[in-house]
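Working through the structure, step by step
Here's the letter readout for the chains.
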Amino acid sequence: MTELYFDNYLIRSYKETDAKSLSYNANHPEINKYLADGFPFPYTIETAKQWIKFALEKDTNLFFAIVSKDEVIGGISATPYSNVHRFTAEVGFWIGKEYWNKGITTRALLTFCNYLFTKFDFNRLTAKVFEGNEASKKVLLKCGFSLEGIHPESVFKNDIFVTHYTYGLLKKDFKYDR
């Protein structure tokens, strides 16, 4: 079982007992607004149970909980690419609204990137951010990611087309001591 500690927080595998806190912290329209449709709103306890079951069964993907005092307050993941892109993974993250603007997500992402670069053969990490999600853009920049592309109206979310931004980070450019 993976356990990555940072500050007073932990990144770890999900547990079946996480459904209540996962549902509570994920159930906010401002979180759903900037994530793929697979992250629903409302985020019910049943949704949380289904996600936990999926995350625990998927050994090829890296889906983890961000935890404070055994309460899931967010999530962080990496999805490895394949074929000629097999040394790249796409990272994603979210954190419950009451934990916004506290630096937790930045520290979590730095810790997670360090884990991905040291425990796996990844040479590059990428992330996609929807238009309007300035907080995630700032987190990525603080962690050393660079803006690599702007994709106008490439995402259809909440009945409108929005731009998404692609960020990337090479292993050789990563500095964990930020």
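One can find the structure itself at the top, above this paragraph.
The shown structure was predicted, so the numbers you read here are calculated from the model rather than taken from an experiment.

Moving on to the pairing of strand 1 (residues 3-6). Burial along strand 1 is one-sided: Leu4 and Phe6 are buried, and none of Glu3 and Tyr5, which face the opposite way, are. Here four bridges tie strand 1 to strand 2 (residues 9-12), and the two strands are oriented antiparallel to one another. By the bridge assignment for strand 2, leucine 4 is matched with isoleucine 11. Taking the residues that link successive antiparallel strands as the turn, the strand 1-strand 2 hairpin has two residues, and the phi of aspartate 7 there is positive, at about 45 degrees.

Turning next to the side chain of threonine 2. Secondary-structure assignment places threonine 2 in the segment before strand 1. One polar contact links threonine 2 to tyrosine 115, side chain to side chain, over a distance of 3.3 Å. Once residues within four sequence positions are removed from consideration, threonine 2 is found in contact with Ile11, Arg12, Ser13, Phe64 and Tyr115.

Moving on, we get to the sheet that holds strand 3 (residues 62-68). Sheet architecture is open: eight strands sit in the order 1-2-3-4-5-6-8-7, paired in mixed fashion. Only two strands of the sheet have a single partner each, and these edge strands are strand 1 and strand 7 (146-157). Direction aside, neighbouring strands of the sheet carry axes that sit 25 degrees apart on average.

Ranked by internal contacts, the top residues of the largest apolar core, which has 36 residues, are Leu109, Phe112 and Phe145. Residues contacting leucine 109, with those up to four places away along its chain left out, are Ile76, Val91, Phe93, Val139, Leu140, Cys143 and Phe145.

The next thing to look at is unusual backbone geometry. Phenylalanine 41 connects to proline 42 through a cis peptide bond whose omega is 5 degrees. Topologically, proline 42 is positioned in the loop between helix 2 (29-32) and helix 3 (45-57). In this model, asparagine 83 sits at a positive phi of 60 degrees, which is unusual for a non-glycine residue. With respect to the element layout, asparagine 83 can be found in the loop between strand 4 (71-80) and strand 5 (88-95). We note that asparagine 158 has phi near 55 degrees; this positive angle belongs to a residue other than glycine. As for its position among the elements, asparagine 158 is in the loop between strand 7 and strand 8 (160-170).

With respect to burial, strand 8 is a largely interior element, eight of its 11 residues being buried. Sheet topology note: the strand 6 (residues 124-130)/strand 8 ladder contains seven bridges and is antiparallel. Bridged to leucine 125 within strand 8 is leucine 169. Taken together, the eight bridges between strand 7 and strand 8 define a ladder with antiparallel strand orientation. In the sheet register, isoleucine 150 faces strand 8, and the bridge partner there is tyrosine 165. What sits between the antiparallel neighbours strand 7 and strand 8 is a turn of two residues, in which asparagine 158 has the positive phi angle 55 degrees.

Conventions we followed
Residues numbered from 1 in each chain as written. Predicted model: local features only at pLDDT ≥ 70, side-chain atom pairs only at ≥ 80, totals over all residues. Heavy atoms only, no water. Buried < 20%, exposed > 50% of the residue type's maximum accessible area, 1.4 Å probe, protein only. Helix = DSSP H or I, 4+ residues; strand = E, 2+ residues; numbered from the N terminus. Pairing = 2+ DSSP bridges. Polar contact = N/O pair within 3.5 Å; in protein donor to acceptor, adjacent residues only side chain to side chain. Contact = heavy atoms within 4.5 Å. Axes fitted to C-alpha atoms, helices over the stretch in contact; angles between N-to-C directions. Core = buried A, V, L, I, M, F, W, Y, C linked by side-chain atoms within 4.5 Å.

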